[in-house]
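A look at the structure
The lines below spell out each chain.
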Amino acid sequence: MGIKLGDNQYGKAEVRLVHINRDTDVHRIKDVNVTSQLRGDLEEVHTIGDNGTCLPTDTQKNTVYAKAREWGGVGAIEDFALRLARHFVDEHDYVHGARQEIEEYSWDRINTSSGPHDHAFSRNGAETRNTIVNKDGDKEWVVSGFEGLTVLKSTGSEFHGFPKTRYTTLQETTDRILATDVAARWRYVGTDHDFDKTYASVRALCLEAFAETHSLALQQTLYAMGKAVLEAHPEIAEIRFSMPNKHHFLVDLSSFDLDNPNEVFFAADRPYGKIEAVVQRDDAPEAGDAWKTVPGFL
């Protein structure tokens, strides 16, 4: 029986970087979390402990900070990830591939009686923007998205007509609360895009479709969101969603001689339905290894 080394990569995880742009008195903040991983001539590192081709993970960490300074900031996280991947692959002949994953955390200017403050900020909720860039030789893939976008509709949602078995207790409804935490990832065609502009548009399109779709199922809403994105953005080949159904159950108040006309609910955090799907173009180019290292998605 033979034994050999399989696929592998290594790097520095969760490098926290905050960059302050001080070009004017109105400061701009960029708060990101970078995970850098490399692939290449690493067999002897694993098999005999020869580190001659093992760029230290600490060097990868330091490169993230140094490049933020050399490049004048972070900019769009996709562009920063691409530049990091190209640096590692192009500058080191023993590095054949790179995976750069970045999360971005949003900050809003604190409003004062004089207007938005120049250099004081408050953290904007749990939502995070993210991207994963993979580079293998000359091939590059960009998958971007967001997670933790919590949305709710207080009406305009139904659920009925489903199969019934002897284990079914769920009642059909023509008026329910629909709530979810949207996690979305989309695959770009190519790498030459205005990533910030596209991100803002995709997020807005998803919110609009969620709000305006009269939902007969969360699956239907998910598809409407993906369809809206693809119709507006030819540079996106496909979009993938993972959306839990955050259940809100009507509370029975009859024991207190009270009615409950869809006003008082119990918000259950678990168990929950988990809806996942891919919405894609039928003529989209092959994904290659774009999704290979994107965790948690179909």
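This structure is a prediction, so every number in the text was calculated from the model and none was measured. (Residues numbered from 1 in each chain as written. Predicted model: local features only at pLDDT ≥ 70, side-chain atom pairs only at ≥ 80, totals over all residues. Heavy atoms only, no water.)

A word on the UniProt feature "binding site: O2" (unreviewed entry) in the chain
According to UniProt, the positions carrying the feature "binding site: O2" (unreviewed entry) are Thr57 and Asn245. In sequence the annotated residues extend across 189 residues, and in space they extend as well, their farthest C-alpha pair lying 39.1 Å apart. Inspection of the secondary structure assignment puts Thr57 in helix α2 (residues 57-70). Here Thr57 is in contact with Tyr10, Gly11 and Lys12, once residues within four sequence places are set aside. Locating Asn245 in the fold gives a position in strand β7 (residues 236-245). On the basis of relative accessible area, Asn245 is assigned to the buried category, the value being 9%. (UniProt positions renumbered as here; feature names shortened; annotations may be inferred. Helix = DSSP H or I, 4+ residues; strand = E, 2+ residues; numbered from the N terminus. Contact = heavy atoms within 4.5 Å. Buried < 20%, exposed > 50% of the residue type's maximum accessible area, 1.4 Å probe, protein only.)

Examining the domain arrangement of the chain
It is common to give the size of an interface as the accessible area lost on bringing the parts into contact. Domain boundaries assigned for the chain yield domain 1 (8-137) and domain 2 (145-289). One C-alpha centre belongs to domain 1, the other to domain 2; they are set 30 Å apart. Across the boundary between the two partners, domain 1 contributes 15 residues, which contact 13 residues of domain 2. Three residues, Glu127, Arg129 and Asn130, lead the burial of domain 1 against domain 2; their summed loss comes to 48% of the area buried on that side. There are two salt bridges connecting domain 1 and domain 2. Here Asp196 ties to Arg129 by a salt bridge, and the two come within 2.9 Å at their closest N and O atoms. Seen at the junction of domain 1 and domain 2, the total is six residue pairs in polar contact (both at pLDDT 80 or more). Mapped onto the side of domain 1 that touches domain 2, the elements with two or more residues apiece are α3 (77-91), β3 (95-112) and β4 (115-136). (Domains from an automatic or database assignment. Buried area = accessible area lost by both parts, 1.4 Å probe. Salt bridge = Lys/Arg side-chain N within 4 Å of Asp/Glu carboxyl O. Polar contact = N/O pair within 3.5 Å; in protein donor to acceptor, adjacent residues only side chain to side chain.)

A short note on the pattern of salt bridges
This structure, assessed with the given rule, holds 19 salt bridges. Across the salt bridge formed by Glu238 and Arg187, the nearest N and O atoms sit 2.8 Å from each other. Placement of Glu238 in strand β7 and of Arg187 in strand β6 (residues 178-188) is noted, with a sequence separation of 51 residues between them. Summarising the burial analysis for this pair, Glu238 and Arg187 share the class buried. A salt bridge links Asp269 to Arg270; the shortest N-O distance between them is 3.6 Å.

What about the pairing of strand β5 (residues 139-153)?
Summarising the sheet, β4 and β5 pair through nine bridges and their orientation is antiparallel. Paired with Asn130 across the two strands is Gly145, which belongs to β5. In textbook terms, the turn of a hairpin is the stretch between consecutive antiparallel strands, and for β4 and β5 this stretch comprises two residues, one of which, Gly137, has a positive phi near 60 degrees. (Pairing = 2+ DSSP bridges.)

Section: the UniProt feature "binding site: urate" (unreviewed entry) in the chain
The positions UniProt marks with the feature "binding site: urate" (unreviewed entry) are Thr57, Asp58, Phe159, Arg176, Gln219 and Asn245. The partly exposed category is assigned to Thr57, whose relative accessible area is 25%. Its place among the elements puts Asp58 in helix α2. According to the relative accessible area criterion, Asp58 is partly exposed, its value standing at 35%.

Examining helix α5 (residues 218-232)
For α5, with 15 residues, the first-to-last C-alpha span of 22 Å sits near the 21 Å given by 1.5 Å per residue. Packed against the buried residues of α5 are β6, α4 (195-212), β7 and β10 (273-280). (Expected span 1.5 Å × (residues − 1).)

Points about the nonpolar core
Ranked by size, the top nonpolar core spans 52 residues in total, and within it Phe80, Phe146, Val182, Trp186, Met225, Ile239 and Phe241 carry the most contacts. Tallying contributions element by element places α3 first for this core, with eight residues. Counting the residues that make up this core, at least three belong to each of domain 1 (8-137) and domain 2 (145-289). Not counting chain neighbours up to four residues away, the residues in contact with Phe241 comprise Val182, Ala183, Ala184, Cys206, Leu222, Met225, Gly226, Ile275, Glu276, Ala277 and Phe297. Ranked by size, the runner-up nonpolar core spans nine residues in total, among them Ala287, Ala290, Trp291 and Val294. (Core = buried A, V, L, I, M, F, W, Y, C linked by side-chain atoms within 4.5 Å.)

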